[in-house]
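# Report on the structure
So you can see what is in the structure, the chains are spelled out below.
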Amino acid sequence: MGCATTGTIRDGVYRDAQTSYRIGPVGPDWTPVTVNQQNDLAWHNGAKGAVMHVDSDCDPGLDIPLTALRSHLMIGFTEREVLAEELVPMDEREALRTRLRAKLDGVPRDILLQILKKDGCVYDFALVTPSDASFDEALLDFDQMLAGFTTATGRP
């Protein structure tokens, strides 16, 4: 399902000491990866050159605007161009969904970030692909995973 770097995942439900949440299915072309214990869950799709991840943080200091959280996620990217940004419904709250193009180590990337604050926690989701047609293909899998997201799993 995914590689849990700070907690465990079972039957689509991730749990760690701070939170638990369910995600939708991740397609079979996505391989679980560990990213230096920086994310709860992450996957790589070699055919598309894409990566997607899910992370949560229940630090009270993160009770800041969604746009500030988005800016924090963009650290390390250069030549950032926001292509679209909107508030979307997610798990009975509003989430910030941002589509952008930026460079990572000088290489152009297409990026979709979705950030949700709920019950004292921040949940962030990212899809990163090469700047080519693979973004639209990978987006279908990413949105399927997001569509199943809920924190209604019981406390960890």
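Now for a quick tour of the structure. All values derive from a computational prediction rather than experimental measurement. (Residues numbered from 1 in each chain as written. Predicted model: local features only at pLDDT ≥ 70, side-chain atom pairs only at ≥ 80, totals over all residues. Heavy atoms only, no water.)

## A few points about the overall build of the protein
From N to C terminus, the protein includes two helices and 10 strands. In summary, the protein has a C-alpha radius of gyration of 15 Å against a globular reference of 15 Å for 156 residues, a match within 12%. If one aligns the C-alpha atoms of the protein with their principal axes, the spans along those axes are about 40 × 35 × 30 Å. Expressed as a percentage of the 156 residues in the protein, the buried residues total 47%. Within the protein, contacts between residues at least 6 apart in sequence are counted, and of these 53% link residues at least 24 apart. As displayed, the protein has an accessible area near 7900 Å², and 50% of this comes from carbon and sulfur atoms. Side-chain charges of the protein comprise 15 positive and 24 negative groups, with the mean position of each set lying 1 Å from the other. (Helix = DSSP H or I, 4+ residues; strand = E, 2+ residues; numbered from the N terminus. Rg over C-alpha atoms; globule rule 2.2 N^0.38 Å. Buried < 20%, exposed > 50% of the residue type's maximum accessible area, 1.4 Å probe, protein only. Contact = heavy atoms within 4.5 Å. Areas by Shrake-Rupley, 256 points an atom, 1.4 Å probe, with all protein chains shown as cover. Lys, Arg positive; Asp, Glu negative; His and termini not counted. Charge placed at Lys NZ, Arg CZ, Asp CG, Glu CD.)

## A closer look at the pairing of strand β8 (residues 93–104)
Sheet topology places strand β7 (residues 77–90) next to β8; 11 bridges connect them, and they run antiparallel. Of the residues in β8, the one forming a bridge with T78 is K103. Where β7 folds back onto β8 in an antiparallel hairpin, the turn is made up of two residues, including D91, whose phi is positive at roughly 50 degrees. Linking two consecutive strands that pair antiparallel, namely β8 and strand β9 (residues 107–118), is a turn of two residues; a positive phi of about 55 degrees is found at D105 within it. (Pairing = 2+ DSSP bridges.)

## What to know about the packing of aromatic side chains
Under the definition given, this model contains five aromatic pairs. Taken together, a centroid distance of 5.5 Å and an interplanar angle of 40 degrees make the contact between Y21 and F149 tilted. With Y21 in strand β3 (residues 20–22) and F149 in the segment after α2 (134–147), the pair connects residues that are 128 residues apart, well separated along the chain. Under the relative-accessibility criterion, Y21 is labelled buried at 0%. Since its relative accessible area comes to 5%, F149 is described here as buried. When the centroid spacing of 5.1 Å and the interplanar angle of 85 degrees are considered together, the rings of F125 and F149 count as edge-to-face. (Phe/Tyr/Trp six-rings, centres within 6.5 Å; stacked < 30°, edge-to-face > 60°.)

## Quick word on the layout of surface pockets
When its volume is computed, the largest pocket comes out at roughly 700 Å³. Considering the residues around the largest pocket, the lining is formed by 26 residues, among which Q38, N39, H53, L73 and D124 are closest to the centre. Those elements giving two or more residues to the lining of the largest pocket turn out to be β6 (50–57), α1 (66–73), β9 and β10 (121–130). Take the lining of the largest pocket: its biggest share by element is six residues, from β6. Residues of the lining of the largest pocket, tallied by class, amount to 15 nonpolar, seven polar and four charged. (1 Å grid on protein atoms, 1.4 Å probe; cavity = no way out; pocket = protein on both sides within 12 Å on 5 of 7 lines; lining within 4 Å. Points joined across faces, edges and corners; volume = space filled by probe spheres on them. Nonpolar A, V, L, I, M, F, W, Y, C, P; charged D, E, K, R; others polar.)

## With respect to the sheet that holds β7
As summarised here, the arrangement of the seven strands in space is β4-β5-β6-β10-β9-β8-β7, forming an open sheet in which the pairing is antiparallel. Taken across any chain shown, the strands that pair with only one partner, and hence form the sheet edges, are β4 (31–32) and β7. Alignment of strand β5 (residues 41–45) against β6, held across five bridges, turns out to be antiparallel. From the neighbouring strand, W43 faces β6, where its bridge partner is M52. Sheet strands touched by α1: β7, β8, β9 and β10. Its angle to β9, the strand with the most contacts, is close to 145 degrees. Strands β5, β6, β7, β8, β9 and β10 of the sheet are contacted by α2, whose axis makes an angle of about 155 degrees with β10. (Axes fitted to C-alpha atoms, helices over the stretch in contact; angles between N-to-C directions.)

Treat this as a map of the structure, not an account of what it does.
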